[in-house]
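Tertiary structure, described
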Amino acid sequence: MTILDEILTHNEKFVENKEYEKYQKGKFPNKKLVILSCMDTRLVELLPKSMNVGNGDVKIVKNAGALVSHPFGSIMRSILVGVYELQADEVCVVGHYDCGMSSLKTESIMSKMKERGISEERLDTLQNAGVDLEQFLKGFDSVEDSVRQSVSTIQNHPLIPQDVPVHGLVINPNTGKLDVVSKGY
């Protein structure tokens, strides 16, 4: 049985037994907060529990490293939608210690791409078309500095209102302890 088959089999029973009823909430976050967090598997349940947020309390946007790497990319768009359309009043960037992005090396990921069938010719074509793969696939050295950079990008974005506090935290993926990098108040 494939992973998708397992998911669909479970989903059929989930819907049939009306297990969804306990998760039905409105689309507006109760705590009026957007959280940008890393997609790390250790944070799926730990992050909400450590921050005392439940289903319906916040909008959570996830990506590799909790990064706002482009001021007009999909992450920033999601934050703006959270603020303007979904009534969020604050934003919180939550990075984590032992993040895979802190050890990401462009050469390593490109080597793995080649091993999986991405040709050198395709990589050259992208480079020649103006795609800076070194920058696109770059990790970071310090999670605190990375969180500060994402907070700064959000705070200084021309479309974010000045009255929206943007906070920066780093979570320990083993204990759930939150360290404050910056308070937006």
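Quick note: structure is the one above.
Residues numbered from 1 in each chain as written. Predicted model: local features only at pLDDT ≥ 70, side-chain atom pairs only at ≥ 80, totals over all residues. Heavy atoms only, no water.

Moving on, we come to the overall build of the protein chain. For the protein chain, the count of helices and strands is seven helices and five strands. Oriented by its inertia axes, the alpha-carbon framework of the protein chain measures out at about 50 × 50 × 35 Å. Burial statistics for the protein chain: of 185 residues in total, 36% are counted as buried. Pairs at least 24 residues apart make up 73% of the contacts formed inside the protein chain by residues separated by at least 6 positions. For the protein chain, the exposed surface amounts to about 11,800 Å²; the carbon and sulfur share of it is 52%. (Helix = DSSP H or I, 4+ residues; strand = E, 2+ residues; numbered from the N terminus. Buried < 20%, exposed > 50% of the residue type's maximum accessible area, 1.4 Å probe, protein only. Contact = heavy atoms within 4.5 Å. Areas by Shrake-Rupley, 256 points an atom, 1.4 Å probe, with all protein chains shown as cover.)

Turning to the pattern of salt bridges, a few remarks are in order. Once their charged atoms are close, side chains differing in charge can pair, the charge on each being opposite to the other. Tallying each qualifying case throughout the model produces five salt bridges. Two residues, E120 and K114, come together in a salt bridge whose shortest N-O distance is 2.7 Å. Residue K114 is classed as partly exposed on the basis of its relative accessible area of 38%. (Salt bridge = Lys/Arg side-chain N within 4 Å of Asp/Glu carboxyl O.)

With respect to the helices, strands and loops of the structure, N30 is situated in the loop between α1 (3-16) and β1 (33-38). Spatially, the C-alpha atoms of N30 and V164 are 16 Å apart, while their sequence positions differ by 134 residues. A polar contact of 3.2 Å, which involves the side chain of N30, links it to the side chain of D57. (Polar contact = N/O pair within 3.5 Å; in protein donor to acceptor, adjacent residues only side chain to side chain.)

Most of strand β4 (residues 166-171) sits out of view: six of its six residues are buried. Judged by which residues are buried, β4 turns out to be covered on both faces: V166, G168 and V170 on one side and H167, L169 and I171 on the other are all buried. Pairing analysis gives six bridges linking strand β3 (residues 90-96) to β4, with the strands arranged parallel. For H96, the partnering residue across the bridge sits in β4 and is I171. Two strands pair when backbone bridges link them, and β4 and strand β5 (residues 178-182) are joined in this way by four bridges, in the antiparallel orientation. Bridging from a neighbouring strand, V170 pairs with D179 of β5. Counted along the chain from β4 to the antiparallel partner β5, the turn is six residues long, and its residue G176 has a positive phi close to 85 degrees. (Pairing = 2+ DSSP bridges.)

The calculated volume of the largest pocket comes to roughly 710 Å³. As for the largest pocket, its lining consists of 25 residues, and the residues nearest its centre are L67, S69, Q135, F136 and K138. Contributing elements (two or more residues each) for the lining of the largest pocket: α3 (74-84), α6 (133-136) and α7 (143-155). Per-element tally for the lining of the largest pocket: the top contributor is α7, with five residues. Of the residues in the lining of the largest pocket, the class split is 10 nonpolar, 12 polar and three charged. Put simply, the second largest pocket is a space of about 190 Å³. Around the second largest pocket, the lining residues are L33, M51, V53, E90, C92, H167, L169, L178, V180, S182, K183 and Y185. For the lining of the second largest pocket, the secondary structure elements donating two or more residues are β3, β4 and β5. Looking at the lining of the second largest pocket residue by residue, the classes come out as eight nonpolar, two polar and two charged. (1 Å grid on protein atoms, 1.4 Å probe; cavity = no way out; pocket = protein on both sides within 12 Å on 5 of 7 lines; lining within 4 Å. Points joined across faces, edges and corners; volume = space filled by probe spheres on them. Nonpolar A, V, L, I, M, F, W, Y, C, P; charged D, E, K, R; others polar.)

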